[in-house]
Amino acid sequence: MNTFNYQIFALSERCLTLQLEPVISEPQIRWLYALRERILIKNIRGVQHVWVTFHELTIQYDVDVVNFERLQDNVEVLLAERPHDMSQNMTVKPRHITIPICYEDEMAWDKDRLVSHCGLSFEDLIHIHHEQEYIFYMFGFLPGFLYLGGLDPRLACPRLEKPRQNIQKGSVGIAGHQTGVYPMASPGGWNIIGRTPLDLFDYTLSTAPAIDDLMIRPLDRIRFTPVSRLHFKALEGKTVNEYQKLIKTT
Amino acid sequence: MGIIVKKAGWQTMVMDQGRKNTRHLGVPSSGVTDLFQYWWANGLVHHFDFKGAGPAVLEVGTGPVEFVFDQPHVFAMTGSAGEYYLDDQKIPSHTTLHAKSQQILRIEKIARNGTIYLAIRGKWRVNRVYESASADVLSPFSGSAGNRLKDQDRIIIDQVGQMELSTVKTPDYLKPAKSSGPHTIRITAGAELHQCDQIKHALSEESFGISRNSSRMGYRLTTNQEYNHTMTSMVSSIVLPGMIQWPSGGEPILLLPNCQTTGGYPRVAKIIDADLWKLAYLGPGDHLEFKWTTREEAIYLRKYKTQQFTRFWNKLFPENIKNHSLTY
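Keep in mind the model is a prediction, meaning the values are calculated, not measured. (Residues numbered from 1 in each chain as written. Chains lettered and ligands numbered in written order. Predicted model: local features only at pLDDT ≥ 70, side-chain atom pairs only at ≥ 80, totals over all residues. Heavy atoms only, no water.)

A. Layout of the overall build of chain A. Along chain A, the regular secondary structure elements total 6 helices and 13 strands. Over its C-alpha trace chain A gives a radius of gyration of 20 Å, about what one expects of a compact globule, namely 18 Å for 250 residues. With the C-alpha coordinates of chain A rotated into their principal frame, the extents come out at 55 × 40 × 35 Å. Considering only intrachain contacts with a sequence separation of at least 6, the fraction spanning at least 24 residues in chain A is 64%. Taken as a whole, chain A presents about 11100 Å² of accessible surface, with 49% of it coming from carbon and sulfur. Separation between the mean location of the 26 positive side-chain charges and that of the 30 negative ones in chain A comes to 4 Å. (Helix = DSSP H or I, 4+ residues; strand = E, 2+ residues; numbered from the N terminus. Rg over C-alpha atoms; globule rule 2.2 N^0.38 Å. Contact = heavy atoms within 4.5 Å. Areas by Shrake-Rupley, 256 points an atom, 1.4 Å probe, with all protein chains shown as cover. Lys, Arg positive; Asp, Glu negative; His and termini not counted. Charge placed at Lys NZ, Arg CZ, Asp CG, Glu CD.)

Structure (structure tokens):
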């Protein structure tokens, strides 16, 4: 695997950002997460927080302990050490997660728009949607909002021109070539294709979960499985973890 | 022990220094906007431990609000100018005050677009989510008894030992001053500024209004004319409080502590850390002017402001504060 062209710049007085090409790609984000892991393992003095978005890795640091130039040097050294095989050596391995989704009319708010834009029947849309395996790229936009990669290009559809004021919790949306899941009710402009009954994120913990403790971790593989309205009701309020156990035992 | 809310107002929330290191989960930092006034309020009631999210305070945005103390309590208010009463007695802010049981604290008026920080000595029994009690009205993270405080809410505050009855006062020059004209805020270049030609000039030449269509996530800024650039779409990227995003042909958005963690508009500028506190005292109807500065100067000003704060703090209070315990 190749390394990527990158640039490093100061995002703020106390944040260093490493930026790759502005594209959404699995190899690129895998490389960024691998770099994140290596930075954390190295335990670089002054580093307070490291996080990844589609094409960027940002390090927040304590300016009283380390400055931008020294931190940049540290990162460059890490990159020079083993630039090629970083992604293969990550300690956190992706898991396979199944998420139930109900495509019934009252949950697929943008059925007509998707059908008309994609030029497919809704049955075909559903089939393509749940046959695909997705990769969880990152949280963003909202606490616990799942940005998923791997949408079949036939399902790409532009955002709504006028965002809705209240998207339901669990709604699965499509915006352009991205797909994502709303973990909570929120305003939003994504095309809603269905809804999951599961709780995807814990908003009640007194301390923030470590990456290893998340119900869905970056780079996990996600599959949607269609469920009926009745099954949706029965699963409402179950967590992702509870559902994985449930499907293992049945 | 603690307070009962008689009149909550509509912008009264439990706050602290906010959530640290949660942006990878999409969780905003939230927390107070003016950390300095938050620290002074706590110092005045002898809260000296600022590790993690620090002690909880009440952030009050509009008056009138009323609280009843159900035990004797030591308290202090900092931030904007206002009109305050303990029962019918007018009381000052920026000083240590002592309330008897059943006395009523009234914050009658607050300067326009102002913010008051009310610290009450003791251990607040409030819900802490992801280590912080800071309310976030736009997400499921909340402070005490819901997002904003409501009438009849109760906050239990356990006593933590006697504080001597001496009264400490912070000097006038430590109070946040607000000028009547446009407010100048210093900024450094954002990650996409070089791709947005007209914007650099516009940021230093325009005067910006704060639109009514603003929230705790961000101020929407109005301009005298429309500015376009070629960067009409971009991949969702990291954003931070204090950043200015500017969609082509649209209104710039100045992000506040409750802002989301990723954004899809060009990041054209970032307010320097040393000026972030000013955002606590601005709001709809106010006007801003921006002044470009360099990262080196921003770092210098940040250090200078923190050192100046530490020096004053150590003069006033028996327990010294060290730079490293401040999360600013």
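B. Just unusual backbone geometry, in detail. All names here are of chain B. In this structure, the amide linkage connecting G63 to the following residue, P64, adopts the cis form with an omega of -5°. Relative to the helices and strands, P64 is located in the loop between β3 (57–60) and β4 (65–69). The backbone of H46 sits at a positive phi, close to 60°, despite the residue not being glycine. Looking at the element boundaries, H46 is found in the loop between α1 (35–44) and β3. A positive phi angle is found at Q152, which is not glycine, with a value near 75°. Take Q152: it is sitting in the loop between β11 (123–124) and β12 (154–158). The exposure class assigned to Q152 is exposed, which follows from its relative accessible area of 53%. (Buried < 20%, exposed > 50% of the residue type's maximum accessible area, 1.4 Å probe, protein only.)

C. The arrangement of the domain arrangement of chain A in detail. Residue and element names in this part refer to chain A. In terms of domain boundaries, chain A breaks down into domain 1 (7–89) and domain 2 (96–249). Just the C-alpha atoms count here: the centres of domain 1 and domain 2 sit 29 Å apart. The interface of domain 1 with domain 2 comprises 10 residues on the first partner and 9 residues on the second. For the pairing of domain 1 and domain 2, the buried interface totals around 870 Å² over both sides, and the portion due to carbon and sulfur atoms is 72%. Sorting the residues of domain 1 by area buried against domain 2 places E26, Y33 and F54 first, and these three jointly supply 56% of that buried surface. Seen at the junction of domain 1 and domain 2, the total is 1 salt bridge. With a closest N to O distance of 2.6 Å, E26 and R221 form a salt bridge. At the boundary of domain 1 and domain 2, one finds 3 residue pairs in polar contact (both at pLDDT 80 or more). At the level of elements, α1 (26–42) and β3 (47–53) are the ones that each hand at least two residues to the side of domain 1 that touches domain 2. Along the lines of polarity and charge, the residues of the side of domain 1 that touches domain 2 split into 5 nonpolar, 2 polar and 3 charged. (Domains from an automatic or database assignment. Buried area = accessible area lost by both parts, 1.4 Å probe. Salt bridge = Lys/Arg side-chain N within 4 Å of Asp/Glu carboxyl O. Polar contact = N/O pair within 3.5 Å; in protein donor to acceptor, adjacent residues only side chain to side chain. Nonpolar A, V, L, I, M, F, W, Y, C, P; charged D, E, K, R; others polar.)

D. Examining the interface of chain A and chain B more closely. With 45 residues of chain A at the contact, the number on the chain B side is 41 residues. A combined buried area of about 3400 Å² lies between chain A and chain B, and 60% of that area is made up of carbon and sulfur atoms. Per-residue buried area on chain A facing chain B is highest for L11, E13 and W51 of chain A; these three make up 20% of the total on that side. Run the count over chain A and chain B and you get 4 salt bridges. Here D273 of chain B and R14 of chain A are joined by a salt bridge, their closest N and O atoms 2.9 Å apart. Between the two partners, chain A and chain B, sit 12 residue pairs in polar contact (both at pLDDT 80 or more). Only β1 (7–12), β2 (15–19), β3, β4 (56–61), α2 (68–81) and β6 (133–139) of chain A provide two or more residues apiece to the side of chain A that touches chain B.

E. Broad picture of the packing of α1 of chain A against α2 of chain A. Residues and elements named next belong to chain A. With their axes 11 Å apart at the nearest point, α1 and α2 run at an angle of 115° to one another. The chirality of how α1 crosses α2 is right-handed. From α1, W31, L35, R38, I39 and K42 reach across to α2, where they touch L78, L79 and E81. Counted by class, the contact of α1 with α2 contains 5 nonpolar, no polar and 3 charged residues. (Axes fitted to C-alpha atoms, helices over the stretch in contact; angles between N-to-C directions. Left-handed = near helix turned anticlockwise from the far one by under 90°.)

F. Local environment of the packing of aromatic side chains. Residues and elements named next belong to chain B. Applying the stated rule across the entire model yields 34 aromatic pairs over all chains. Ring plane angle 40° and centroid distance 5.2 Å describe the contact between W39 and F309, whose orientation is recorded as tilted. Residue W39 is found in helix α1, and its partner F309 is found in helix α3 (residues 295–316); the two are separated by 270 residues along the sequence. You'll find W39 and F309 in the same group, each marked buried. Taken together, a centroid distance of 5.6 Å and an interplanar angle of 45° make the contact between F309 and W313 tilted. Here F309 and its partner W313 are both found in helix α3, 4 residues apart, which amounts to about one turn of the helix. Pair check on accessibility: F309 and W313 agree, each one buried. Connected via pairs of aromatic rings, a cluster forms that spans F36, Y38, W39, W40, F48, F50, F309, W313 and F317. A cation sits over an aromatic face here: K200 above W292, 5.8 Å from the ring centre. (Phe/Tyr/Trp six-rings, centres within 6.5 Å; stacked < 30°, edge-to-face > 60°. Lys NZ or Arg CZ within 6 Å of the ring centre and 35° of its normal.)

G. A look at empty space enclosed by the protein. All names here are of chain A. Here the structure, examined in full by the defined rule, presents 2 cavities of 30 Å³ or more. Looking at the largest cavity, its volume works out to about 80 Å³. Secondary structure elements with two or more residues in the lining of the largest cavity: α1, β3 and β6. In terms of residue count, the dominant contributor to the lining of the largest cavity is β6 (3 residues). Residues belonging to the lining of the largest cavity are distributed by class as follows: 10 nonpolar, 1 polar and 1 charged. (1 Å grid on protein atoms, 1.4 Å probe; cavity = no way out; pocket = protein on both sides within 12 Å on 5 of 7 lines; lining within 4 Å. Points joined across faces, edges and corners; volume = space filled by probe spheres on them.)

H. Molecular detail of the sheet that holds β12 of chain B. Residue and element names in this part refer to chain B. The strand order across the open sheet formed by 7 strands is β7-β6-β9-β4-β1-β12-β11, and the pairing between neighbours is antiparallel. Two strands lie at the open edges of the sheet, namely β7 (89–91) and β11, each paired on one side alone. Where strand β1 (residues 2–7) meets β4, 4 bridges bridge the pair, whose relative direction is antiparallel. Its bridge partner being in β4, K7 is matched across the sheet by E66. (Pairing = 2+ DSSP bridges.)

I. Examining the sheet that holds strand β20 (residues 267–271) of chain B more closely. Residue and element names in this part refer to chain B. Taken in spatial order, the 7 strands close into a barrel running β13-β20-β17-β18-β15-β14-β21, and their pairing is mixed. When the angles between neighbouring strand axes are averaged without regard to direction, this sheet yields 40°. With 3 bridges joining them, strand β17 (residues 243–245) and β20 adopt antiparallel strand pairing. Paired with I244 across the two strands is A269, which belongs to β20.

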